Amino acid sequence: MDVDASLSGIAAAIAEPARARMLCSLMDGHARTSTELAAVAEVSPSTASVHLARLKEQHLVNVLAQGKHRYYSLANASVAAALEALMVVAGGARERFVPNTPSRLRAARTCYDHMAGAVAVSLHDRFKERGWLKDLEDGAYDLTANGTKSIESLGIDIDTVRALRRRFACSCLDWSERRPHLSGALGAALLNLALKRKWIVRDLDSRALSVTRIGVRELRTQFELDC
């Protein structure tokens, strides 16, 4: 496509106030549903769907289907940088995402057979920062050589995990944090390890997980995380 025409299409997509509000609300890195974005843009759900289709057509947002929900996020860092620059020119400031999830569930909980919540998202981020995870297609991960060595040093047999008949590792969008945590066979193995080592304990009547004193110490020692 001609560069001028492409630029014009992107500019027109951003220029509509409702779509601009949607994009700016996504700049904190958290994904949102179309219903939430409709509220942000102060439009009806049906109108929001039309706006989001336009933004997706211009490659400004990505959409991830997870269960019955569809989550929208900025397409990439370049889109965020462009919006940031425009906001500097406009002199505006964006609102911060504030989860309304109960605090105990937000901190740590199970998500099927792996861990979710703020602790799990922080672990995912730390693995990425340390170069342990290699991005594949469709949100899948593999371990780098350094990642394999580091995870095995925790006491997880990576060959055994790989032999399971399921995806080895992949990102799972966190319900409360709206950022990814680690799922797949590797995510399940990490949850089992944390439970076995008493880093976390299960709540008796909910999905909540509690980080123990041992867990606080080990998460700080092993991953430089403060819980």
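This text goes with the structure placed above it.
All values derive from a computational prediction rather than experimental measurement. (Residues numbered from 1 in each chain as written. Predicted model: local features only at pLDDT ≥ 70, side-chain atom pairs only at ≥ 80, totals over all residues. Heavy atoms only, no water.)

Undergrad: Would you take a moment to explain the overall build of the protein for this structure?
TA: When its secondary structure is counted, the protein shows eleven helices and eleven strands. On the principal axes, the C-alpha backbone points of the protein span a range of 55 × 40 × 35 Å. Counting every position in the protein, which comprises 227 residues, the buried fraction comes to 44%. Residue pairs in contact within the protein that sit at least 24 positions apart in sequence constitute 53% of those at least 6 positions apart. Counting only carbon and sulfur atoms, one obtains 53% of the accessible surface of the protein, whose full area is about 12,800 Å². Positive and negative side-chain charges of the protein, numbering 31 and 26 respectively, have mean locations separated by a distance of 6 Å. (Helix = DSSP H or I, 4+ residues; strand = E, 2+ residues; numbered from the N terminus. Buried < 20%, exposed > 50% of the residue type's maximum accessible area, 1.4 Å probe, protein only. Contact = heavy atoms within 4.5 Å. Areas by Shrake-Rupley, 256 points an atom, 1.4 Å probe, with all protein chains shown as cover. Lys, Arg positive; Asp, Glu negative; His and termini not counted. Charge placed at Lys NZ, Arg CZ, Asp CG, Glu CD.)

Undergrad: What is the right way to read the packing of helix α2 (residues 17-25) against helix α4 (residues 45-57) from this model?
TA: Each pair of packed helices can be described by the angle between their axes along with the distance between the axes. Where α2 meets α4, the axes come as close as 10 Å, and the angle between the chain directions of the two elements is 70 degrees. Comparing the axis directions of α2 and α4 gives the class roughly perpendicular. Between α2, through Ala18, Arg19, Met22 and Leu23, and α4, the contact on the second element is made entirely by Ala48, His51, Leu52, Arg54 and Leu55. Taken together, the residues that form the contact of α2 with α4 break down as six nonpolar, one polar and two charged. (Axes fitted to C-alpha atoms, helices over the stretch in contact; angles between N-to-C directions. Parallel < 35°, antiparallel > 145°, perpendicular 65-115°, else oblique. Nonpolar A, V, L, I, M, F, W, Y, C, P; charged D, E, K, R; others polar.)

Undergrad: I tried to follow the sheet that holds strand β3 (residues 69-74) on my own but got confused; where do I start?
TA: Hydrogen bonds between backbone groups are what pair the strands of a sheet, and the pairing can be parallel or antiparallel. Here three strands make up an open sheet; going across it, the order is β1-β3-β2 and the pairing antiparallel. Whereas interior strands pair on both sides, the edge strands pair on one side only; in this sheet they are β1 (32-33) and β2 (61-66). Strand direction decides the pairing type here: β2 and β3, joined by six bridges, are antiparallel. Among the inter-strand pairings, Val61 is bridged to a residue of β3, identified as Leu74. (Pairing = 2+ DSSP bridges.)

Undergrad: Looking at this model, I keep getting lost on the layout of surface pockets. Mind explaining?
TA: Summary: where empty space remains is shown by rolling a probe the size of a single water molecule over the atoms. Taken as a whole, the largest pocket encloses approximately 780 Å³ of empty space. Lining the largest pocket are 32 residues, and of these Leu64, Ser73, Ser171, Leu173 and Pro180 lie nearest its centre. Elements with a contribution of two residues or more to the lining of the largest pocket: β2, β3, α5 (77-90), β8 (170-173) and β9 (180-183). Residue classes in the lining of the largest pocket are distributed as 14 nonpolar, eleven polar and seven charged. (1 Å grid on protein atoms, 1.4 Å probe; cavity = no way out; pocket = protein on both sides within 12 Å on 5 of 7 lines; lining within 4 Å. Points joined across faces, edges and corners; volume = space filled by probe spheres on them.)

Undergrad: What is the right way to read the pattern of salt bridges from this model?
TA: For side chains of opposite charge, pairing can occur when their charged atoms come near one another. Tallying each qualifying case throughout the model produces 13 salt bridges. Taking the shortest distance from any N to any O, the salt bridge between Arg106 and Glu177 comes out at 2.7 Å. Placement of the pair is Arg106 in helix α6 (residues 103-107) and Glu177 in the loop between β8 and β9, with a sequence separation of 71 residues. Linking Glu129 and Arg126 is a salt bridge whose minimum nitrogen-to-oxygen distance equals 2.3 Å. Placement of both Glu129 and Arg126 in helix α7 (residues 118-129) is noted, with a separation of three residues, approximately one turn of the helix. (Salt bridge = Lys/Arg side-chain N within 4 Å of Asp/Glu carboxyl O.)

Undergrad: Before we go on, may I ask you to explain the side chain of Gln58 in this structure?
TA: The topology assignment puts Gln58 in the loop between α4 and β2. Classification of Gln58 by relative accessible area gives buried; the value is 18%.

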